[in-house]
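# Structural features, examined
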Amino acid sequence: MTDKNESLFLRAQKTTPGGVNSPVRAFRSVGGTPRFITHAEGPYFWDAEDRRYIDYIGSWGPAIVGHAHPTVVKAVQEAAARGLGFGAPTEGEIEMAEEICKLVPSIEQVRLVSSGTEATMSALRLARGATKRDKIIKFEGCYHGHADSLLVKAGSGLLTFGNPTSAGVPEDFIQHTLVLDYNNCQQLEDTFKACGKDIACVIVEPVAGNMNLIKASPEFLQTMRRLCTEHGSVLIFDEVMCGFRVALGGAQALYNIQPDITALGKVIGGGLPVAAFGGRADLMANMAPLGKVYQAGTLSGNPVAVAAGLSTLKLIQEPNFYTQLSDQTSKLVTGLIAAANKAGVTFCADSVGGMFGLYFSKEVPSSYAQMMASDTEKFNRFFHLMLDAGIYLAPSAFEAGFVSAQHDDKVIETTILEAEKAFSQMRA
Ligand SMILES: *Cc1c(COP(=O)(O)O)cnc(C)c1O
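Now for a description of the structure that goes with this document. (Residues numbered from 1 in each chain as written. Predicted model: local features only at pLDDT ≥ 70, side-chain atom pairs only at ≥ 80, totals over all residues. Heavy atoms only, no water.)

With that out of the way, let us pick up the site of the ligand. Around the ligand lies a shell formed by S115, G116, T117, Y143, H144, G145, E205, N210, D238, V240, M241 and K266. Note that a nitrogen atom of the ligand is positioned 3.3 Å from one of the backbone N or O atoms of Y143. Take N210: an N or O atom from its side chain is 3.0 Å from an oxygen atom of the ligand. Across the complex, the protein chains shield 82% of the 380 Å² of accessible surface that the ligand would expose by itself. Of the residues belonging to the shell around the ligand, the class tally is three nonpolar, six polar and three charged. (Near = heavy atom within 4 Å. Polar contact = N/O pair within 3.5 Å; in protein donor to acceptor, adjacent residues only side chain to side chain. Areas by Shrake-Rupley, 256 points an atom, 1.4 Å probe, with all protein chains shown as cover. Nonpolar A, V, L, I, M, F, W, Y, C, P; charged D, E, K, R; others polar.)

Turning our attention to the pairing of strand β2 (residues 44–47). By the alternation rule, side chains of β2 split into Y44 and W46 and F45 and D47, which are all buried. Here strand β1 (residues 37–41) folds back onto β2 in antiparallel fashion, the turn holding two residues, of which G42 has a positive phi close to 60°. As paired strands, β2 and strand β3 (residues 52–55) are joined by three bridges and run antiparallel to one another. The residue of β3 that forms the bridge with W46 is R52. Here β2 folds back onto β3, and the loop between the two strands holds four residues, one of which, D50, carries a positive phi near 60°. (Buried < 20%, exposed > 50% of the residue type's maximum accessible area, 1.4 Å probe, protein only. Helix = DSSP H or I, 4+ residues; strand = E, 2+ residues; numbered from the N terminus. Pairing = 2+ DSSP bridges.)

All right, on to the packing of helix α3 (residues 91–103) against helix α11 (residues 303–315) then. One way to put it is that α3 packs onto α11 with a least axis distance of 10 Å and a crossing angle of 35°. In the crossing of α3 with α11, the sense of the turn from one axis to the other is left-handed. Contacts from G92, E93, E95, M96, E99 and I100 in α3 reach V306, G309, L310, L313 and K314 in α11. Along the lines of polarity and charge, the residues of the contact of α3 with α11 split into five nonpolar, two polar and four charged. (Axes fitted to C-alpha atoms, helices over the stretch in contact; angles between N-to-C directions. Left-handed = near helix turned anticlockwise from the far one by under 90°. Contact = heavy atoms within 4.5 Å.)

For the structure shown, the criterion picks out zero disulfides. Just so you know, C142 is unpaired, no disulfide at all, and the nearest cysteine sulfur is the one on C242, 9.6 Å from it. Looking at the unpaired C228, the closest cysteine sulfur is the one in C201, lying at 8.1 Å. Since its relative accessible area comes to 0%, C228 is described here as buried. (Disulfide = S-S within 2.5 Å.)

Just geometry here; none of it tells us what the structure is for.
Written as structure tokens, this is what we have:
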């Protein structure tokens, strides 16, 4: 066999642990050989064998306007030609902050960082610094990046390994992290009753996308908002994935709930490393150089990355952008459900904005435990049948999927047609 993906994977494993720079890319949970991507355009990318795929991971969210969008590419090229980075402020960073504050009204001030991990980690430090409390609440199955105190039964890649925590995280570092069930209001009430005065913050994915797609119930988020207000705790929405993905103003616009701090990432970098955390001005005033909470970054607000982010943020404000994105995603999900029904395969699916979930279970899950009970063997089979047909889904049953503005009717129809074939083969 001279498959180029396979030889690249063998070569990669010699110098990179597992051959990849982020675990889920290694196809461990679905098996087989990861595809090495050479280029991408619109809704497609191509692997080392020059095979074309319809891409449903969109760089795990950022590629919302489609890959290599000419406007974004031009902005990046022009910024690069002016210099790659200065370690001194630029006007682009102001524009980026202004755009974010305009689009997400709960954000009065914002700081740019380079990854979602940095954004959530810094948001936690800010919450702890501002409240002078140590304890934090997170929810099982929510992933907030790989900072030590958050790697407690975290979701995503870790689920796949069947290992709820990471080695190398001292017990001492996570003793202040309380892990509760997603969508469980009573447990939240009980926890605040027991130790509300010690809780610095609650951090949540208001639409969870790292244990597949799981929506929060409005009541769950409302309860959280009320309890945080009552107990002087900071409510952090981790919208690194769902921000500018489920709606223009993020999940907080969809649910009409104002968090105190929001973490952003993925879409706001348009494919380059930009993330951010921001919120109430009085809280943000705790950040250095104004306040005592330290945080910094050599590449924070990098001008080339900001150019990609800013041009993406402008494109998503075009009229009807989110209506169309939602419609295309709904069409996909409805078509897949119909295809599975026709073949008699137990399957359901859900979507919100440009994000979707596929579940090999009878009902759409609403908690981590329900998600874990889905049929991963069936998912893996489906994944490979689709991959062979040129449709690239997330290589794990526990990841959400992403649609871009370039996924037109033809692309969606092709996907549904291939899914019909896959489902009927699965029953056979
Ligand atoms: C991806 C993600 C992160 C981490 O972002 P990185 O840029 O990968 O560090 C944090 N929170 C959520 C909800 C995410 O989806």
